[in-house]
Amino acid sequence: MKAHLTELLFSVVKQITDYTDSSIIIIDRPKIISHGDFSTNLCLILSKKLKKSPRDVAAIILDKIPPSDLITKIEIAGAGFLNFFLSSKANNVIINSALNLKNDYGKNQTGNHQKIQIEFVSANPTGPLHIGHGRGAAIGDCLARLFEASGWIVTREFYYNDAGEQINNLARSVKASCQNIPTDDPKFPSDGYHGEYINEIAKDFLSMETIECQGESIKASGKIKDTKSMQEFSVAYLRNEQDQDLIAFRTKFDVYSLESSFYENGKVEKVVNTLIKEGHTYEKDGALWLKTTNFGDDKDRVMQKTDGSYTYFIPDVTYHLDKWERGFKKVINEQGADHHSTISRVRAGLQGLNKNIPKDWPEYVLHQMITVIKGNKEIKISKRAGSYLTLRELINEVGCDATRYFLVARRPDSQLVFDVDLAKSQNNNNPVFYIQYAHARISKVLEQWGGDISTLKLDDSFTFDSQAELKLIKSIGIYPEIVLQATNELAPHQIANFLKDCAAELHSYYNDSKFLVEDEKIKIARLSLINSAKYVLRNGLHLLGIEAPQKM
RNA sequence: CUGCCCGUAGCUCAACCGGAUAGAGCACCAGUUUUCUAAACUGGGGGUUACAGGUUCGAUUCCUGUCGGGCAGGCCA
């Protein structure tokens, strides 16, 4: 519909100016219903160039614009806006389009089958997933679903930091637990992990349990001095836990990349050598430094420590080079904002490799921290202190649907308050139930009707006239635009907000009109309308990874 | 001290990358059911968009400064 309007307007623009590109035409959706279905500020933009007042330009365009049976009225308004009002035929086109496309309604092909890789969660295997990882999982997975809906070939990926200092720390903590050293004992590792899960791992390690992890069996040796086995077992144990958390959260990954693998296949070494060869390094204080200041960082960073091991960002750079070499021209990393300082380092490292990787590659979506409130008290999340609200607990208490909704319904870069009591209370007005209820209501009406849903179609001559109907149709018509916009702006929260609005229109309509009426023509029209709304609600919920129940 | 994010109704948050009268939900007040699910609907009050300047036809949005909150600034990740 937008494209249609752009075409009409551009045919006039070509006549009265020398523009050869339709990109100056911006079609908006007005906020206020009396301003019509679409509007454009085109005349305000052209007024300077044509040296005429915006309203005069509007009059000229109005005079020359070709007629269309999808538009019933065009108005000049305000400072010189053009407002377009859709005809009832256009409304019927929208509804029939949704009825025809069904599960595909709302999708677009702007991605043109290009490859995109989205990395998210990527939690260290040093503890169970918490609510912050949940936010990452919800946002990352929804982004993946959005890009799929926009015609991209998506790879979902999880990166495990299963090497390095944090893992040594984990092994030390488990070892201390095996030796029955209490966490408040001075002999307990000072920066060790304190959670109860450490004791669980220790217990299973000592009783020589076997853990299944991504198709591999890892058996604990049970020997306290066997640091290697303890480390392997602990990592496998926690990866297994995290995998189960993610399954419970309906989040699947296509590829798991392991930090350790980049050491094993020699790629880390190769990256280091390339950086040295390209002249971006120097030695100081017994360490090897990367000149990240060459690429916009505010100070240089150590890349090889005095003990010979590498700092975390070298394997990170290696991993990202690997992504690049796998052919991903578009990569999005979803992570917590507390890691934002890695961005400049990873990008600097990639630039230093001199491989013609774009400066702003990869893209990042950073989500801000979450404040968890339970019983009117804030829960501090700290892995090391052991105070913890795990994602699993949250799913068990609140449910997967509600958890996903609340975690994705806010802009990633705003801090969010998650009130556990509010989210889990069943009798409360919960937006998730509100949306699902709208879907269930439609399903029930269609079921009571008992006809063949696939035959529902709107007659060209039918005219909807109630406010409730027109508002619902508008919501259905706008849905594909929301999907595209949410994809382009990396903003899945827009889907959540849209669905709440769309459900509200449906509920209003439901209360306003009866659907199963005597008049066959009216009945079919109304059922066609709510069935198209059903596809929108279901498809939108699917983008959020939330179920659309037939009844509640 | 430096960098990044944020500041919008009592609370939780939107606002289509500069547009028209800043919108929802919760909470509060008043109503709606002999009807396809009242987990719903209808109406009402509530705002100097933290503050002060600047840019222009027009600013919640862009720029500068101030105040306030969060996160970073490890040879941790």
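For the structure, check the block above.
Residues numbered from 1 in each chain as written. Chains lettered and ligands numbered in written order. Predicted model: local features only at pLDDT ≥ 70, side-chain atom pairs only at ≥ 80, totals over all residues. Heavy atoms only, no water.

Draft legend 1. The arrangement of the overall build of chain A in detail. When its secondary structure is counted, chain A shows 19 helices and 17 strands. Principal-axis analysis of the C-alpha atoms gives chain A an extent of 85 × 60 × 40 Å. Classification of the 552 residues of chain A by burial places 53% in the buried group. Total accessible area on chain A stands at roughly 25,700 Å², and carbon and sulfur atoms take up 48% of it. (Helix = DSSP H or I, 4+ residues; strand = E, 2+ residues; numbered from the N terminus. Buried < 20%, exposed > 50% of the residue type's maximum accessible area, 1.4 Å probe, protein only. Areas by Shrake-Rupley, 256 points an atom, 1.4 Å probe, with all protein chains shown as cover.)

Draft legend 2. Representation of the sheet that holds strand E2 (residues 38-40). Judged by pairing direction, the sheet is antiparallel, and its 4 strands sit side by side in the order E1-E2-E4-E3 without closing on themselves. Strands at the two margins of the open sheet, each flanked by one partner only, are strand E1 (27-28) and strand E3 (71-77). In this sheet, strand E4 (residues 81-86) lies alongside E3 in antiparallel orientation, the contact comprising 6 bridges. Looking at the pairing, isoleucine 74 lines up with phenylalanine 84 of E4. (Pairing = 2+ DSSP bridges.)

Draft legend 3. Fine view of unusual backbone geometry. Omega for the bond connecting tryptophan 361 with proline 362 falls within 30 degrees of zero, at -5°, which places this linkage in the cis form. Among the secondary structure elements, proline 362 is positioned in the loop between helix H12 (341-352) and strand E14 (363-367). Its identity as a non-glycine residue notwithstanding, serine 122 has a phi of 40°, on the positive side. By the element assignment, serine 122 lies in the loop between strand E5 (115-119) and helix H5 (131-149). The exposure class assigned to serine 122 is buried, which follows from its relative accessible area of 16%. Non-glycine residue methionine 208 carries a positive phi angle of around 55°. Relative to the helices and strands, methionine 208 resides in the loop between helix H7 (196-206) and strand E7 (210-213). According to the relative accessible area criterion, methionine 208 is partly exposed, its value standing at 42%.

Draft legend 4. Region of the structure containing H7. Among all positions in H7, only Tyr197, Ile198, Ile201, Ala202, Asp204 and Phe205 are buried. The arc that holds every buried residue of H7, seen down its axis, measures 165°, which confines them to one face. Exposed side chains of H7 directed beyond 90 degrees from the buried face belong to Glu196 and Lys203. Against the buried residues of H7 lie helix H6 (165-178) and helix H8 (227-248). (Arc of directions from axis to C-beta. Contact = heavy atoms within 4.5 Å.)

Draft legend 5. Just the sheet that holds strand E6 (residues 153-160), in detail. With respect to topology, 5 strands assemble into an open sheet ordered E9-E6-E5-E13-E14, the strand pairing being parallel. Looking along the sheet, the strands with just one partner apiece sit at the ends: strand E9 (255-258) and E14. With direction set aside, neighbouring strand axes in the sheet form an average angle of 25°. As paired strands, E5 and E6 are joined by 5 bridges and run parallel to one another. Looking at E6, one finds that lysine 115 is bridged to isoleucine 153. (Axes fitted to C-alpha atoms, helices over the stretch in contact; angles between N-to-C directions.)

Draft legend 6. Molecular detail of the side chain of asparagine 161. Residue placement: asparagine 161 occurs in the loop between E6 and H6. Residue classification places asparagine 161 among the buried residues on the basis of a relative accessible area of 17%. In terms of polar contacts, asparagine 161 uses its side chain to reach the side chain of glutamate 259, at 3.3 Å. Excluding anything up to four places from it in sequence, asparagine 161 contacts Asn124, Pro125, Ile167, Glu259 and Asp316. (Polar contact = N/O pair within 3.5 Å; in protein donor to acceptor, adjacent residues only side chain to side chain.)

Draft legend 7. Region of the structure containing the packing of helix H18 (residues 493-512) against helix H19 (residues 520-544). At a minimum axis separation of 10 Å, H18 and H19 run at an interaxial angle of 155°. For the element pair H18 / H19, the angle class is roughly antiparallel. Regarding H18 and H19, the two cross each other, and that crossing is left-handed. Contacts between H18 and H19 involve Ile495, Ala496, Phe498, Leu499, Cys502, Ala503, Leu506 and Tyr509 from the first element and Arg526, Leu529, Ile530, Val536, Leu537, Gly540, Leu541, Leu543 and Leu544 from the second. Of the residues that constitute the contact of H18 with H19, the class distribution is 15 nonpolar, 1 polar and 1 charged. (Parallel < 35°, antiparallel > 145°, perpendicular 65-115°, else oblique. Left-handed = near helix turned anticlockwise from the far one by under 90°. Nonpolar A, V, L, I, M, F, W, Y, C, P; charged D, E, K, R; others polar.)

Draft legend 8. Molecular detail of the state of the cysteines. Under the definition given, this model contains 0 disulfides. A disulfide-free cysteine, cysteine 502 has its sulfur positioned 17 Å from the sulfur of cysteine 142, the nearest such atom. (Disulfide = S-S within 2.5 Å.)

Draft legend 9. Inspection of the packing of aromatic side chains at higher detail. As enumerated under the stated definition, the model contains 21 aromatic pairs in all. Ring centres of phenylalanine 158 and phenylalanine 253 lie 5.2 Å apart, and the angle between their planes is 80°; this geometry places the pair in the edge-to-face category. Residue phenylalanine 158 is found in strand E6, and its partner phenylalanine 253 is found in the loop between H8 and E9; the two are separated by 95 residues along the sequence. Judged by relative accessible area, which is 10%, phenylalanine 253 ranks as buried. For the ring pair phenylalanine 158 and tyrosine 256, a centre distance of 5.8 Å and an interplane angle of 35° mean the geometry is tilted. (Phe/Tyr/Trp six-rings, centres within 6.5 Å; stacked < 30°, edge-to-face > 60°.)

Draft legend 10. Spotlight on helix H11 (residues 313-325). Taking 1.5 Å as the rise per residue, H11 with 13 residues should run 18 Å; its terminal C-alpha atoms sit 18 Å apart, in good agreement. Counting buried positions along H11 yields 12 of 13 residues, so the element is predominantly enclosed. Buried residues of H11: Phe313, Ile314, Pro315, Asp316, Val317, Thr318, Tyr319, His320, Leu321, Asp322, Lys323 and Trp324, and no others. Of the residues flanking the end of H11, it is glycine 327, one or two places downstream, whose phi is positive at about 95°. (Expected span 1.5 Å × (residues − 1).)

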